Amino acid sequence: MVFIKILSSLVIVVCCSFLGLQAANAYALRLKELRMLRMAFAHLESEVINYATFLPEAVERVAALLHGGVKEFFCDFSRRLQKRSGDTAAEAWEKALKGWKKHLHITMEDTQILLTFGKVLGVSDRESQQRYFQIIQSQLRNQEQKAEEACLKYQTMYRNLGVLGGLALAIILL
Amino acid sequence: MEYSRWPSGVAWKRVILDALPENIQRVIDGIPQDIAESLEEIRIREGRPIVIHGRGKSYYLGADGGLWPSPEKAYYVTHRDVQSILQRISNYSIYAVEEELRNGYITLRGGYRVGLAGKAVLEGGKIKTLKYINSFNIRISREIIGVADKVIRYIVSGAEVYHTLVLSPPQMGKTTLIRDIARQLSDGFPGFRGIKVGIVDERSEIAGCFQGVPQNNVGLQTDVLDACPKAEGIMMLIRSMSPAVIITDEIGKAEDVEAIEEALNAGIKIITTAHSSDIGDAQRRPILSKILDKKIFQRIIVLGSSLGVGTVEKIYDGHTLNNLLDRPIR
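As the structure is a computational prediction, the values presented were derived from the model and not from experiment. (Residues numbered from 1 in each chain as written. Chains lettered and ligands numbered in written order. Predicted model: local features only at pLDDT ≥ 70, side-chain atom pairs only at ≥ 80, totals over all residues. Heavy atoms only, no water.)

*Asks:* Break down empty space enclosed by the protein for me, with residues and values.
*Replies:* Residues and elements named next belong to chain B. Under the defined criterion, the tally for this structure stands at one cavity of 30 Å³ or more. Around the largest cavity, the lining residues are Glu143, Ile144, Ile145, Thr176, Arg179, Asp180 and Asn217. Of the residues that constitute the lining of the largest cavity, the class distribution is two nonpolar, two polar and three charged. (1 Å grid on protein atoms, 1.4 Å probe; cavity = no way out; pocket = protein on both sides within 12 Å on 5 of 7 lines; lining within 4 Å. Points joined across faces, edges and corners; volume = space filled by probe spheres on them. Nonpolar A, V, L, I, M, F, W, Y, C, P; charged D, E, K, R; others polar.)

*Asks:* How would you explain the UniProt feature "domain: AAA+ ATPase" (unreviewed entry) in chain B if you had to name every residue and give the values?
*Replies:* Per the UniProt annotation, the sites labelled "domain: AAA+ ATPase" (unreviewed entry) are residues 160–297 of chain B. With 36% helix and 23% strand, the stretch residues 160–297 of chain B has end C-alpha atoms that lie 14 Å from each other. (UniProt positions renumbered as here; feature names shortened; annotations may be inferred. Helix = DSSP H or I, 4+ residues; strand = E, 2+ residues; numbered from the N terminus.)

*Asks:* Outline the packing of aromatic side chains, listing residues and values.
*Replies:* All names here are of chain A. Applying the stated criterion across every chain, the model contains 13 aromatic pairs over all chains. Ring centres 6.2 Å apart and planes at 45° place the aromatic pair Phe41 and Trp93 in the tilted group. With a gap of 52 residues between them, Phe41 in helix H1 (residues 2–51) and Trp93 in helix H4 (residues 89–100) connect regions that are remote in the sequence. Each member of the pair, Phe41 as well as Trp93, carries the same accessibility label: buried. Aromatic pair Trp93 and Phe117: ring centres 6.1 Å apart, planes at 70°, arrangement edge-to-face. Of this pair, Trp93 sits in helix H4 while Phe117 sits in helix H5 (residues 108–118), and the two are 24 residues apart along the sequence. (Phe/Tyr/Trp six-rings, centres within 6.5 Å; stacked < 30°, edge-to-face > 60°. Buried < 20%, exposed > 50% of the residue type's maximum accessible area, 1.4 Å probe, protein only.)

*Asks:* I'd like a description of the layout of surface pockets, backed by residues and values.
*Replies:* The gaps left among the atoms become clear once a water-sized probe is rolled over them. As a volume, the largest pocket reaches approximately 1,200 Å³. As for the largest pocket, its lining consists of 38 residues, of which Arg139, Ser141, Gln171, Gly173 and Thr176 of chain B are closest to the centre. Elements with a contribution of two residues or more to the lining of the largest pocket: strand E1 (39–45), strand E6 (113–123), strand E7 (126–139) and helix H7 (174–187) of chain B. Across the lining of the largest pocket, the residue classes break down as 11 nonpolar, 14 polar and 13 charged. Residue assignment places the lining of the largest pocket across two domains, with domain 1 (8–139) and domain 2 (149–317) of chain B each supplying three or more. Residue lining of the second largest pocket: 34 residues in total, with Phe54 of chain A together with Asn91, Thr107, Phe210 and Gln211 of chain B positioned closest to the centre. Elements that contribute at least two residues to the lining of the second largest pocket include exactly helix H2 (55–63) and helix H3 (68–83) of chain A together with helix H1 (12–16), helix H4 (79–89), helix H5 (98–103) and strand E5 (105–107) of chain B. Here the lining of the second largest pocket spans two domains, since at least three of its residues come from each of domain 1 (8–139) and domain 2 (149–317) of chain B. (Domains from an automatic or database assignment.)

*Asks:* Which residues make up the pairing of E1 of chain B, and what values do they have?
*Replies:* Residue and element names in this part refer to chain B. As judged from the four bridges shared by E1 and strand E2 (residues 51–54), these two strands associate in the antiparallel manner. Following the sheet pairing, Leu39 is matched in E2 by Gly54. The antiparallel hairpin formed by E1 and E2 contains five residues in its connecting segment, where Gly47 sits at a positive phi of about 75°. Bridge count between E1 and E7: five bridges; the pairing is antiparallel. Among the inter-strand pairings, Arg45 is bridged to a residue of E7, identified as Ser135. (Pairing = 2+ DSSP bridges.)

*Asks:* I'd like to hear about the interface of chain B and chain A, residue by residue, with values.
*Replies:* Counting from both sides, the interface comprises 19 residues of chain B and, opposite them, 21 residues of chain A. Counting each side, the surface lost to burial between chain B and chain A is near 1,900 Å², with a carbon and sulfur contribution of 48%. The largest contributions to the chain B side of the interface with chain A come from Gln87, Tyr92 and Tyr95 of chain B, which together make up 40% of the buried area. Between chain B and chain A we count four salt bridges in total. A salt bridge links Glu91 of chain A to Arg80 of chain B; its shortest N-O distance comes to 2.9 Å. Taken together, the connections running from chain B to chain A amount to 10 residue pairs in polar contact (both at pLDDT 80 or more). Take the side of chain B that touches chain A: its biggest share by element is four residues, from H4 of chain B. Along the lines of polarity and charge, the residues of the side of chain B that touches chain A split into seven nonpolar, six polar and six charged. (Contact = heavy atoms within 4.5 Å. Buried area = accessible area lost by both parts, 1.4 Å probe. Salt bridge = Lys/Arg side-chain N within 4 Å of Asp/Glu carboxyl O. Polar contact = N/O pair within 3.5 Å; in protein donor to acceptor, adjacent residues only side chain to side chain.)

*Asks:* Residues and numbers for the nonpolar core, please.
*Replies:* If you look at the biggest cluster of nonpolar residues, it comprises 80 residues, and the most contacted ones within it are Phe41, Leu44 and Phe74 of chain A together with Trp12, Ile42 and Phe136 of chain B. Take this core: its biggest share by element is nine residues, from H1 of chain A. Those residues in contact with Phe74 of chain A that lie beyond four places of it in its chain are Leu37, Ala40, Phe41, Leu44, Val59, Val62, Ala63 and Leu66 of chain A. Counting 32 residues, the second largest nonpolar core, distinct from the first, contains Ala182, Ile195, Val197 and Ile199 of chain B. (Core = buried A, V, L, I, M, F, W, Y, C linked by side-chain atoms within 4.5 Å.)

*Asks:* Explain the sheet that holds strand E3 (residues 57–61) of chain B residue by residue, including any values.
*Replies:* Residue and element names in this part refer to chain B. Judged by pairing direction, the sheet is antiparallel, and its seven strands sit side by side in the order E4-E3-E2-E1-E7-E6-E5 without closing on themselves. Pairing within the sheet leaves two strands with one partner each, and these edge strands are strand E4 (67–68) and E5. Sheet topology places E6 next to E7; 10 bridges connect them, and they run antiparallel. Each residue of the ladder has a partner; that of Ala120, found in E7, is Leu130.

*Asks:* Describe the packing of H1 of chain A against H5 of chain A, and please don't skip the residues or the numbers.
*Replies:* All names here are of chain A. Direction vectors running N to C along H1 and H5 enclose 15°, while the axes themselves pass 12 Å from each other. Considering their axes alone, H1 and H5 lie roughly parallel with respect to each other. For the pair H1 and H5, the sense of crossing is left-handed. Note on element contacts: H5 touches H1 through Asp110, Leu114 and Phe117, opposite Arg30, Leu34, Leu37 and Phe41. Its residues assigned to classes, the contact of H1 with H5 shows five nonpolar, no polar and two charged. (Axes fitted to C-alpha atoms, helices over the stretch in contact; angles between N-to-C directions. Parallel < 35°, antiparallel > 145°, perpendicular 65-115°, else oblique. Left-handed = near helix turned anticlockwise from the far one by under 90°.)

*Asks:* Please give an account of helix H11 (residues 286–293) of chain B that cites residues and values.
*Replies:* All names here are of chain B. Those residues of H11 lying buried are Leu288, Ser289, Ile291 and Leu292. Along the axis of H11, the buried residues cluster in a sector spanning 160°; they form a single face. Opposite the buried face of H11, by more than 90 degrees, sit the exposed residues Pro286 and Asp293. Just beyond H11, the residue with positive phi is Lys295, at close to 50°. (Arc of directions from axis to C-beta.)

*Asks:* So, unusual backbone geometry: which residues are in play, and what are the values?
*Replies:* All names here are of chain B. Located in the positive-phi region is Tyr132, a residue other than glycine, with phi close to 45°. Structurally, Tyr132 is set in strand E7. Not every positive phi belongs to a glycine, and Leu321 is a case in point at roughly 60°. The topology assignment puts Leu321 in the segment after strand E18 (311–317).

Pasting the structure below:
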């Protein structure tokens, strides 16, 4: 009986710590993804502005430099453009983003920024495309800053909360 | 879109359907075979019906692909259709086709050209770009391999190629003719070994380049300077590509004449065209008459329509101005 009690308390502590770690990790991952997105846009900007590469090809080239969920999102977008399944680039962008959102750790606010950018991607001359690229990069930089603050604030908190919460629950149940 | 299913007469569908939104794709794909094979233009205008032209006739397109002589049952193009076409023909990259918008047309894969109309945006009195684009003219060009067979022996003598000027009114097959001349000179034919040919293709009509690669058969030994101003292009080719023949379309500016003389001095043969119905007409144009007076061209080919579009009406010896043909040939 005692053995079972100890074992179950142990399981509770481990599970809660794990959940806490996951929550803490999400903050770090969001920050990482935002940084990667910003890098992706910097590369895409160079392809679009300096080389005037066609968008499907430009996105494919940039995707090769990325990894994780962000890469999958860019690959999906490029595939949609190449297949010409969507009628406009904005639609393809939106579908790809909504499809891969659950594999990313970015917030609603981040997603909204990306969706807005998708509406103007490719649809105007170089000069104004460059402005849009600058706007999205500075917006992402702001989001990064927020993410960094949130990371500092909540990462350790959630980590500790997981372990301590688990312990507390185990003690109560004991 | 399945690519391999189009017979050669409607090979244009492969490229052009891809440039259209799915609802219009279905309409165009439904055009009866015999009309599709002789189709010349598809006109798409926002808020108005789609009109197709071929063999001198035009039809309104119904939503089911039916052809109507009057617009009652026609499919009316929406704003969304127009935006979609614009995105598709620019490959979702308006920024990459700025130059094309300035010129008013985009060349698709396969060398098909889409003419555009909208509102011009000016900067310093010059056209910067087009916006509110709402009219598309999709031109279905067909290269005719062998169309130059009937004239090639008049412009080649042994291993020598003559300086040649092709005169014709618009739409009489000038470009089609010099495209095939380029191919034959470049590939060679019985009794003539292929030579290096350079094409300055200012309006992307001769070679129909898509991303710099010729989509029409212009020969194995042909270099193409796409979308390049003629005079500068001729100089560039002389410097960089050492062609034996330079082929270019529609001369008519003073600097073109200078560039042609430069090519002459470099020992390069020139084959070019000009808008004009005959030598008499050409002599009344200031620039053309200057070229004719200098007797630069050894052969002057006149195209017309006495036996149908593309008839070779006359071939003059450039020095004596004697007609070498007994009667028009087609």
